[in-house]
Amino acid sequence: MELLKGHVSPETAYLVDDYPYGFQLRCKIRYWLEFHPRHGFRLVSQTSNPKRGNTWNKPKASTYARFGGAMFLDDKGHVAWNGLSEYSSASEAVAFKAEYGEGVPEAGLQVLDKWLAAKVAYEAARNPGDPLGKGLPEARQAWERGQ
């Protein structure tokens, strides 16, 4: 796995020059990771249209992952991505940061760090069977500190 860094807009996108377009034609495709402060991260891809002089088609975007996202090349050399949502556990969040932290866009690193601190503090303050509200004050404090 190779992390892809700095691909955050169509201008800085990761470009693949030889991509299938239908059964016989070939085109270009570009990928970037979009970050929106209120929604989170999502992967966006856009192909060129070889039938119209290689103009760019409409971009296609994935579903948002609220607290983290990173783009990478898998074992076959294909572009893939992974995201961190509010449904992840503290151990999953720590593992995500360890594996993909370098690939998270700079604009979203603060959100990832705050979520990680809050999630770890929340789970550390709870025992199995506790009501869901237990641990929230600790999580809020950790979010504010962002550490």
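Computed from a prediction, not measured in an experiment: that's the story for all the values here.

Asks: So what about the overall build of the protein? Which residues, and what values?
Replies: Across its full length, the protein carries three helices and eight strands. Reading the secondary structure of the protein in the N-to-C direction produces β-β-β-β-β-β-β-β-α-α-α. In summary, the protein has a C-alpha radius of gyration of 19 Å against a globular reference of 15 Å for 147 residues, an excess of more than 25%. Considering only C-alpha atoms, the protein reaches an extent of 60 × 30 × 25 Å along its principal axes. Burial statistics for the protein: of 147 residues in total, 36% are counted as buried.

Asks: Any chance you could break down the sheet that holds strand E7 (residues 68-73) for me, citing the residues and the numbers?
Replies: The strand order across the open sheet built from three strands is E1-E7-E8, with neighbouring strands paired in antiparallel fashion. Each of the sheet's edge strands pairs with one partner strand only, and the pair in question is strand E1 (2-4) and strand E8 (79-84). Looking at each pair of strands side by side, their axes are set apart by 40 degrees on average, direction ignored. Of the pairings in the sheet, the one linking E1 to E7 comprises three bridges and is antiparallel in character. By the bridge assignment for E7, Leu3 is matched with Phe72. Along the sheet, helix H1 (residues 90-100) contacts E1, E7 and E8; its crossing angle with E8, the most-contacted strand, is approximately 140 degrees.

Asks: Break down the packing of aromatic side chains for me, citing the residues and quoting the values.
Replies: Tallied over the full model, the rule gives five aromatic pairs. Relative to Phe41, the ring of Phe35 has its centre 4.7 Å away and its plane inclined at 45 degrees; by these criteria the two rings are tilted. Taking the relative accessible area as the measure of exposure, Phe41 reaches 0% and is therefore buried. In this structure an aromatic cluster arises from ring pairing among Phe67, Trp115 and Trp143. The ring of Trp56 carries Arg30 above its face, with NZ or CZ at 3.9 Å from the centroid.

Asks: Give a detailed account of the nonpolar core, specifying residues and quantitative values.
Replies: If you look at the biggest cluster of nonpolar residues, it comprises 14 residues, and the most contacted ones within it are Leu3, Phe67, Leu84, Phe96, Tyr100, Val104 and Leu112. Looking at this core, the elements that each hand over two or more residues are E7, H1 and helix H2 (109-124). By residue number, the principal contributor to this core is H2, which donates four residues. One finds Ile29, Tyr31, Leu43 and Met71 within the second-largest nonpolar core, a separate group that totals eight residues.

Asks: So what about the packing of H2 against helix H3 (residues 136-145)? Which residues, and what values?
Replies: Where H2 contacts H3, the axes come no closer than 8 Å and their chain directions differ by 155 degrees. Judged by the inter-axis angle, H2 sits roughly antiparallel to H3. H2 and H3 meet at a crossing whose hand is right-handed. Two secondary-structure elements touch here, H2 through Val111, Lys114, Trp115, Ala117, Ala118, Ala121 and Tyr122 and H3 through Leu136, Glu138, Ala139, Ala142 and Trp143. Residue composition of the contact of H2 with H3, grouped by class: 10 nonpolar, no polar and two charged.

Procedures and definitions
Residues numbered from 1 in each chain as written. Predicted model: local features only at pLDDT ≥ 70, side-chain atom pairs only at ≥ 80, totals over all residues. Heavy atoms only, no water. Helix = DSSP H or I, 4+ residues; strand = E, 2+ residues; numbered from the N terminus. Rg over C-alpha atoms; globule rule 2.2 N^0.38 Å. Buried < 20%, exposed > 50% of the residue type's maximum accessible area, 1.4 Å probe, protein only. Pairing = 2+ DSSP bridges. Axes fitted to C-alpha atoms, helices over the stretch in contact; angles between N-to-C directions. Contact = heavy atoms within 4.5 Å. Phe/Tyr/Trp six-rings, centres within 6.5 Å; stacked < 30°, edge-to-face > 60°. Lys NZ or Arg CZ within 6 Å of the ring centre and 35° of its normal. Core = buried A, V, L, I, M, F, W, Y, C linked by side-chain atoms within 4.5 Å. Parallel < 35°, antiparallel > 145°, perpendicular 65-115°, else oblique. Left-handed = near helix turned anticlockwise from the far one by under 90°. Nonpolar A, V, L, I, M, F, W, Y, C, P; charged D, E, K, R; others polar.

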